[in-house]
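Architecture at a glance
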Amino acid sequence: MSPEGKTLLNIIILGLGFMVIFTAFGTCGNIEQTVIKSFNSTEFHGSGYTSAYIAVFIHPYTSSFYTLSVLLGIAAAVLWTAQGNLLTINSKDSTIGRNSGIFWALMQFSLFFGNLYIYLAWHGKSHITDKDRQTVFITLTVISLVGNFLFFLIQRPDPELEPSDDSESLLPADISDSGSVVASQSLGSQAWNAFKKSIELAMTKEMLLLSIAFAYSGLELTFYSGVYGTCLGAMTQFGENAKGLIGLSGILIGVGEILGGGVFGILDKCHCIGRNPVVFLGLVTHFVAFYLIFLNIASDAPVAPEEGTHMQAYIQPSVHVALICSFLLGLGDSCYNTQLISIVGFLFPQDSAPAFAVFKFVQSITAAVAFFYSNYLLLQWQLLIMVLVGFLGTVSFFVVEWTVIHSRRDSDYDSI
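Residues numbered from 1 in each chain as written. Predicted model: local features only at pLDDT ≥ 70, side-chain atom pairs only at ≥ 80, totals over all residues. Heavy atoms only, no water.

1. Examining the confidence of the model for the chain
Cut-off, in case you're wondering: Think of pLDDT as the predictor's per-residue confidence, scored from 0 to 100. Per the convention used, a helix needs a DSSP run of H or I reaching at least four residues, while a strand needs a run of E reaching at least two, with both numbered from the N terminus. A contact between two residues is defined here by any heavy atoms of the two lying within 4.5 Å.
Per-residue confidence for the chain gives a mean pLDDT of 79; residues scoring 70 or more make up 76%. Ranking the elements of the chain by mean pLDDT puts helix α6 (residues 173–176) last with 47 and helix α10 (residues 275–296) first with 94. Note on residues 161–169: pLDDT under 50 across the span, and 24 contacts to partners over four residues away in sequence or across chains. The model gives residues 173–183 a pLDDT under 50, and that stretch makes 19 contacts with residues more than four places away or in other chains.

2. Points about the packing of helix α8 (residues 205–234) against helix α12 (residues 352–373)
Our working definition: Here, axes are lines fitted to C-alpha atoms. For helices the fit covers the stretch in contact, and angles between N-to-C directions go from 0 to 180 degrees. Angular relationships are summarised with four words: roughly parallel below 35 degrees, roughly antiparallel beyond 145, roughly perpendicular across 65 to 115, and oblique for the angles in between. What makes a crossing left-handed is the near helix being turned counterclockwise from the far one by less than a right angle; a clockwise turn instead makes it right-handed. Lys, Arg, Asp and Glu make up the charged group, whereas Ala, Val, Leu, Ile, Met, Phe, Trp, Tyr, Cys and Pro make up the nonpolar group; the residues left over, Gly among them, are polar.
Relative to each other, α8 and α12 sit at 45 degrees, their axes nearing to 7 Å. Classed by the angle they form, the pair α8 and α12 counts as oblique. Remark: the crossing between α8 and α12 carries right-handed chirality. Taking contact as the criterion, the partners of Met-207, Ser-211, Phe-214, Ala-215, Ser-217, Gly-218, Leu-219, Leu-221, Thr-222 and Gly-226 in α8 are, on α12, Ala-355, Val-358, Phe-359, Val-362, Gln-363, Thr-366, Ala-367, Ala-370, Phe-371 and Tyr-373. Counted by class, the contact of α8 with α12 contains 13 nonpolar, 7 polar and no charged residues.

3. Thoughts on the packing of aromatic side chains
Condition: Two rings from Phe, Tyr or Trp (for Trp, the six-membered ring) form a pair when their centres are within 6.5 Å of each other. A pair whose planes differ by under 30 degrees is stacked, one over 60 is edge-to-face, and the rest are tilted. In this scheme, a residue with accessible area under 20% of its type's maximum is buried, one over 50% is exposed, and one in between is partly exposed, where area comes from a 1.4 Å probe on protein chains only. Placement of a charge over a ring requires the Lys NZ or Arg CZ to be within 6 Å of the ring centre, with the centre-to-atom vector within 35 degrees of the ring normal.
With the rule as written, the count across this model stands at 13 aromatic pairs. Taking the centre distance of 5.8 Å and the plane angle of 5 degrees together, the rings of Phe-18 and Phe-22 count as stacked. A residue pair is termed a helical-turn pair when its members lie 3 or 4 positions apart in one helix, as Phe-18 and Phe-22 do in helix α1 (residues 3–37) at 4 residues. Like Phe-18, the residue Phe-22 is buried in the burial classification. Members of the aromatic cluster, joined through ring pairs, are Phe-18, Phe-22, Phe-103 and Phe-151. Here the guanidinium or amino end of Arg-275 rests over the ring plane of Phe-346, the centre of that ring lying 5.1 Å away. Cation over ring: Lys-360 sits above Phe-359, and NZ or CZ is 4.9 Å from the ring centre.

4. Focus on helix α11 (residues 319–347)
To keep it simple, the criterion reads: Expected helix span is given by 1.5 Å per residue-to-residue step, counting one fewer step than there are residues. In the analysis that follows, any N or O atom pair within 3.5 Å is treated as a polar contact, provided that within protein one partner can donate a hydrogen and the other can accept it, and provided that, for residues neighboring in sequence, both atoms belong to side chains.
Here α11 spans 42 Å end to end across 29 residues, near enough to the 42 Å set by a 1.5 Å rise per residue. Taking burial as the measure, the 29 residues of α11 include 24 buried ones, the bulk of the element. Where α11 begins, the side chain of Ser-318 points an oxygen toward the backbone nitrogen of His-320, at a separation of 3.3 Å.

The following block contains the structure:
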């Protein structure tokens, strides 16, 4: 197999591994708030804790739930940092956007398969019984374990195809000249150096600006993966099939994610557009979705009890509008995340692991904050927070992208 074929195969295996794991974990996140309300009283070591977290819901106990939640947070940091690092070392400046799109499209097939199962299993049910819960989460646990083994198929790329030094001039020398760690260092020293490098990267102008966009990705991740499905399930005016809409909504979110990842990967390969138009499309798509959700979903839906809400928003609640919003949420999320992955990998090719660690740190913090306030704030205030942070995050992304473009032009002129 050619070196180019090996790196592409690694990206495909990476996407398939995440697809299988998140078929289980993403589906778990989409239904966990609904399930909780129904209670009667290598570099990829982190992937195993995902399976353990899912298994907690088979026989839930408060102590095990909170313990595994903490471990899951640590494991997710390891897993996603490894993902960003692997994506970067298997890409070049000319392929980072394409590979980001391929990975994202493959991974988001998880939303389709997992939520299709939920829709078929819970269709027509207004209450989730213990047997329903156990059947679903045993199945999801087994699926996630299968995904763990796919990571062992990833091969080390050939050294000559690792990212070139073309991008190093875009960053200060002290940030980009220490990408590799000496093999003789102990694991503890490597970890400490990686931590220090993450702090240094977090203080750069580019990363500080991008942190606002990272924060928005965390807020909208919480909303589409956990809050919106709960809102649909709480709408009694959707009838007896309201709980089944959680799975159907997840399917359409997945369709939007897959379409966005696939299309933007193709466009990047053709060099038709840059990153800014895609991010702007994502922002507009999300704003349209937020406005329709504001009109269609009752304001107390996120905080409604298990019996649901009888309130009505500003229009007669429509299942079709709700599902269109699901698709738009997925499409907008793919716009944002594919370009965030692309620009981080492009800016920090020699320090991809600590750079993606900063990315996931900010995203995870804001996702956790959003999960906290989602249990207390009415829907319109949650939407307003995302609108404000999304606008600021998009502007900051534009500034960083323009800086990259101007720096590259200057370097091209200097080489003439």
